[in-house]
Amino acid sequence: MKDIESLEQLKVKYIGKKGLFTNLLKSLSNLDQKDKASAGKTLNILKKEIDECFNEKKKFLSDIELNKKLEHEKIDISLPTRPEKKGGIHPISKTMDDIICIMGSHGFKVEEGPHIENEFYNFTALNIPEEHPARQEHDTFYINKYKNLLRTHTSPVQIRVMKNIKPPIKIIAPGSTYRCDDDATHSPMFHQVEGLVVDKNITMANLKWIIKELLTTFFNIEDLPMRFRPSYFPFTEPSAEVDIRCSMENGKLEIGKGKDWLEVMGCGMVNPKVFKNCGVNEEVYSGFAFGLGVERFAMLKYGISDLRMFYENDIRWLQHYNFIPNGFPSLLRGL
Ligand code: DAH
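Definitions and cut-offs
Along each chain, numbering runs from 1 in the same order as the chain's sequence is written. Local features in this predicted model are restricted to residues of pLDDT 70 or higher, and side-chain atom pairs are both shown and tallied only at a pLDDT of 80 or more, whereas totals for entire chains, interfaces and linings draw on every residue. Note: side-chain values were computed over all heavy atoms of the structure, leaving out hydrogens and water. Working definition: helices are DSSP H or I runs of at least four residues, strands are E runs of at least two. Numbering for both runs from the N terminus. Note that the radius of gyration is over C-alpha atoms, with the globule rule given as 2.2 Å times the number of residues to the power 0.38. Only protein chains enter the accessibility calculation, which uses a 1.4 Å probe. A residue is then buried if its area is under 20% of the maximum for its type, exposed if over 50%, and partly exposed in between. Any pair of residues with heavy atoms lying within 4.5 Å of one another is described as a contacting pair. Surface exposure here means Shrake-Rupley accessible area, sampled with a 1.4 Å probe, where a residue is shielded only by the protein chains that are shown. Neither His nor the chain ends is counted toward charge; the positive residues are Lys and Arg and the negative residues Asp and Glu. Here the site of a charge means atom NZ of a Lys, CZ of an Arg, CG of an Asp or CD of a Glu. Throughout, an axis means a line fitted to C-alpha atoms (over the contacting stretch in the case of helices), and angles, computed between N-to-C directions, take values from 0 to 180 degrees. We call two directions roughly parallel when the angle between them is under 35 degrees, roughly antiparallel when it is over 145, roughly perpendicular when it lies between 65 and 115, and oblique otherwise. Buried Ala, Val, Leu, Ile, Met, Phe, Trp, Tyr and Cys residues that are joined via side-chain atoms within 4.5 Å together make up what is termed a nonpolar core.

This part covers the overall build of the protein chain. On a plain count of helices and strands, the protein chain comes out with eleven helices and ten strands. The C-alpha radius of gyration of the protein chain comes to 34 Å, more than 25% above the 20 Å expected for a compact globule of 335 residues. By its C-alpha atoms, the protein chain is 110 × 50 × 35 Å across when sized along the principal axes. The burial tally for the protein chain puts 39% of its 335 residues in the buried class. The contacts in the protein chain between residues at least 6 apart in sequence include a share of 65% that link residues at least 24 apart. As presented, the protein chain carries roughly 20200 Å² of accessible surface, and 54% of it is formed by carbon and sulfur atoms. Taking the 47 positively charged and 46 negatively charged side chains of the protein chain as two groups, their mean positions are separated by 7 Å.

Next up on the list: the packing of helix α1 (residues 4-15) against helix α3 (residues 33-73). For the pair α1 and α3, interaxial distance at closest approach is 10 Å and the crossing angle is 170°. Put simply, α1 runs roughly antiparallel to α3. In this structure, α1 contributes Ile-4, Leu-7, Glu-8, Leu-10, Lys-11 and Ile-15 to the contact, and α3 contributes Lys-47, Ile-50, Asp-51, Phe-54, Asn-55, Lys-57, Lys-58, Leu-61, Ser-62 and Glu-65.

Counting 46 residues, the largest nonpolar core has Leu-215, Phe-219 and Met-265 as the members making the most contacts within it. Going through the elements one at a time, α4 (91-105), β5 (189-199), α8 (204-219), β7 (236-247), β9 (260-270), β10 (286-293), α10 (294-302) and α11 (315-321) are the ones with two or more residues in this core. In terms of residue count, the dominant contributor to this core is α8 (seven residues). Apart from the residues lying within four places of it in its own chain, the contact partners of Phe-219 are Leu-224, Ile-244, Ile-255, Phe-297, Leu-300 and Lys-301.

Listed below in structure tokens is the structure:
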């Protein structure tokens, strides 16, 4: 039997309404009363067996047909893209990949954390207690009355890492973050990269060096002027914001030149209170942390002026940037 169709025909021929076996069953009425019962019983057992045989064979044949179909529909994902349907890496992914590549070259490992966090990791452990004004500033999406929320920054990954890994720690945590805010310069979902280093004798000099490496390599400007301006974050002490030189003349933004400063990230030395909250001995260890906005980095590097373009899903916009889909950035080839 080659296919389901011929099997069905065979089934009709024997046990269909006018089938040979069905006729045999009908002819029972011609028998004597005492023969009828025993013949009927035997024929019914036989009919059941024939039914089972058909079903078994049908299952066998349909499995073969399904496998043939799957084989036919197989997609080879290693084939190159068709020129007329060319996609590309999204500028946000490209920016994250570039940052991972740069930090990876300095020995930073990538860590991830859950997007649904709770108040402890997102706020309390980061030295942002309930009555702290920073909590209100974060425009948090609360999920339920049990204090679950969408993480407002990637800093809670710091806490998870310090609670789980013994120093030395050298990680970055890229990922999406969420705040209840939506206008030309804010999106309810955006992306950050957090950095954390914890070891003995870590100082602000180490922090400054790695940030200079990151910014000069990312923007591909070797002598990029930058300044560390004193600031405040509850989880770092002292804290700073990093500005880079730029010119905004005639509405055109140029990085690395001119008279203006542009804020690009926050950073500082890990607050001993945060160490305590994570069970890290603050007498022995010190560390630094930093946090940056991926959209902002991408906008500055690729001259994107409206944040909303990132989320429009316009294929022409994506094609304009033409970041090739295959391969990961490499410092040797250039980002
Ligand atoms: N979590 C901060 C924010 O979302 C960014 C940040 C600033 C992270 C300073 C840090 C830091 O680790 O040291 O605004």
